[in-house]
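Fold and geometry: a report
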Amino acid sequence: MSEKLDNLENLGKYRLNHLRELEAEAIFVIRETAAQFDNPALLFSGGKDSIVLFHLARKAFYPAKVPFPLLHIDTGHNFQETLDFRDYLVKKHGVQLLVGYVEETIREGKAKEDTGYYATRNAIQSITLLDMIEKHKIDAALGGARRDEEKARAKERFFSHRDIFGQWDPKNQRPELWNLFNGRKHMGEHFRVFPLSNWTELDVWLYIYLEQIELPSLYFTHRRKVFNRDGVWLAYAPFMRLKPDEKVEERDVRCRTIGDIPTTGLTLSTASTVEEIVYEIATTRTTERGMRFDDKVSETSMEDRKREGYF
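The paragraphs below set out a description of the structure included in this document. (Residues numbered from 1 in each chain as written. Predicted model: local features only at pLDDT ≥ 70, side-chain atom pairs only at ≥ 80, totals over all residues. Heavy atoms only, no water.)

**Considering the pairing of strand E10 (residues 265-268)**
- Pairing between strand E8 (residues 232-235) and E10: 2 bridges, direction antiparallel. By the bridge assignment for E10, leucine 234 is matched with glycine 265.
- As paired elements, strand E9 (residues 249-255) and E10 share 3 bridges and run antiparallel to each other. The partner of valine 253 across the bridge, within E10, is leucine 268. (Pairing = 2+ DSSP bridges. Helix = DSSP H or I, 4+ residues; strand = E, 2+ residues; numbered from the N terminus.)

Structure (structure tokens):
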């Protein structure tokens with residue numbers, strides 16, 4: 001383990017200037033958002049990217065508090081650890097929290113819930129998100145998406161325009177030359193803003209290590225009831241329907257990326273510290289989004305959802 005830690009220290013020193021450049025870029029984008037828009041919000045999932053984004057927002061406006069609320073879309077199928085950490089962070093830093101509930105969207109008849117073995121609320125949370133954006137007159141929603149995550153993400157600009165219906169047109173985005181961002185819009189339109197666009201998964205974890213950022217326990221190896229579906233380990237929850245050949249067992253796992261329970265693939269791992277996670281990521285060939293069950297729907301599943309208003 002000492003050899004691994006030595007390698008991590010060397011990697012951290014090698015990339016320190018790079019991380020500080022990414023930090024400065026992200027803070028600049030966050031400040032530009034606050035300057036150009038009247039009512040921004042930070043999309044907060046409780047995952048590492050949105051936590052890092054919130055950390056950067058705190059740096060951007062220090063010693064003042066973050067001047068916009070956190071917006072969380074609660075699917076009703078979230079990990080309890082995620083919700084507990086969200087509430088802890090909000091209380092610790094005294095920020096405003098807005099929560100949209102997918103349960104309410106279903107109850108109001110605006111969306112129909114999936115049924116069957118592959119049921120998920122992942123797609124219909126876009127409806128809840130757009131309702132919250134409309135309700136609170138949000139004109140810019142900052143998110144922690146990165147271009148390295150998935151090919152549809154790679155098409156995003158820092159300032160990503162959404163039309164009056166909340167839809168994204170990847171072929172009609174504005175050029176961003178010399179860090180000049182065009183936030184002009186018509187009434188009812190809004191922007192998604194992605195300050196972490198140029199970060200990689202390894203950059204995020206090295207920054208977490210450098211800044212000693214707190215994370216939910218889900219990211220570290222723990223014992224959990226799981227089952228294997230189509231080669232992906234999923235956490236078991238009572239609302240999930242198992243196939244006849246699927247069995248629940250206990251394994252040592254951790255989350256590499258966090259969504260709601262039915263869509264979050266788990267990693268069999270022994271990594272219990274940030275240092276061990278960095279080493280694990282640096283030596284793996286599996287992509288981060290490769291652990292998300294919702295991305296296996298089709299080749300264009302992410303892009304299709306983004307066109308409809310997804311994060």
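Text resumes after the structure shown.
**Some details on the packing of aromatic side chains**
- This model, assessed by the stated rule, comprises 7 aromatic pairs.
- Ring centres of phenylalanine 37 and phenylalanine 159 lie 5.6 Å apart, and the angle between their planes is 45°; this geometry places the pair in the tilted category. Note that phenylalanine 37 is positioned in the loop between helix H1 (2-36) and strand E1 (40-43) and phenylalanine 159 in strand E5 (residues 159-162), a separation of 122 residues in sequence. Accessibility classification places phenylalanine 37 together with phenylalanine 159 in one group, the buried group.
- Plain terms: the ring middles of tryptophan 199 and tyrosine 207 are 5.2 Å apart, the flat faces sit at 90° to each other, and that makes the pair edge-to-face.
- Members of the aromatic cluster, each reached through a chain of ring pairs, are Phe37, Phe159 and Phe191.
- Sitting over the ring of tyrosine 117, arginine 241 keeps its end group 4.5 Å from the ring centre. (Phe/Tyr/Trp six-rings, centres within 6.5 Å; stacked < 30°, edge-to-face > 60°. Buried < 20%, exposed > 50% of the residue type's maximum accessible area, 1.4 Å probe, protein only. Lys NZ or Arg CZ within 6 Å of the ring centre and 35° of its normal.)

**Topic: the sheet that holds E10**
- Judged by pairing direction, the barrel is antiparallel, and its 4 strands sit side by side in the order E7-E8-E10-E9 before closing back on the first. Averaged over neighbouring strand pairs, the angle between their axes works out to 70° when direction is ignored.
- By the bridge criterion, 4 bridges tie strand E7 (residues 222-229) to E8 in an arrangement that is antiparallel. Its bridge partner being in E8, asparagine 228 is matched across the sheet by tryptophan 233. (Axes fitted to C-alpha atoms, helices over the stretch in contact; angles between N-to-C directions.)

**Section: helix H6 (residues 201-211)**
- Counting buried positions along H6 yields 10 of 11 residues, so the element is predominantly enclosed.
- Positive backbone phi, at 55°, marks glutamine 212, one or two positions downstream of H6.

**A short note on the sheet that holds strand E6 (residues 190-193)**
- With respect to topology, 6 strands assemble into an open sheet ordered E3-E2-E1-E4-E6-E5, the strand pairing being mixed. The open sheet is flanked by strand E3 (97-101) and E5, the only strands paired with a single partner. Mean inter-strand twist for the sheet, computed between neighbouring axes without regard to direction, equals 30°.
- In this sheet, strand E2 (residues 70-74) lies alongside E1 in parallel orientation, the contact comprising 2 bridges. By the bridge assignment for E2, leucine 42 is matched with leucine 70.

**Notes on the packing of H6 against helix H7 (residues 274-282)**
- Direction vectors running N to C along H6 and H7 enclose 160°, while the axes themselves pass 10 Å from each other. Classified by the angle their axes make, H6 and H7 are roughly antiparallel. The two elements H6 and H7 meet at a crossing, and its hand is left-handed. Mapping the contact onto sequence places Glu201, Leu202, Trp205, Leu206, Ile208 and Tyr209 in H6 and Val274, Glu275, Ile277, Val278 and Ile281 in H7. (Parallel < 35°, antiparallel > 145°, perpendicular 65-115°, else oblique. Left-handed = near helix turned anticlockwise from the far one by under 90°. Contact = heavy atoms within 4.5 Å.)

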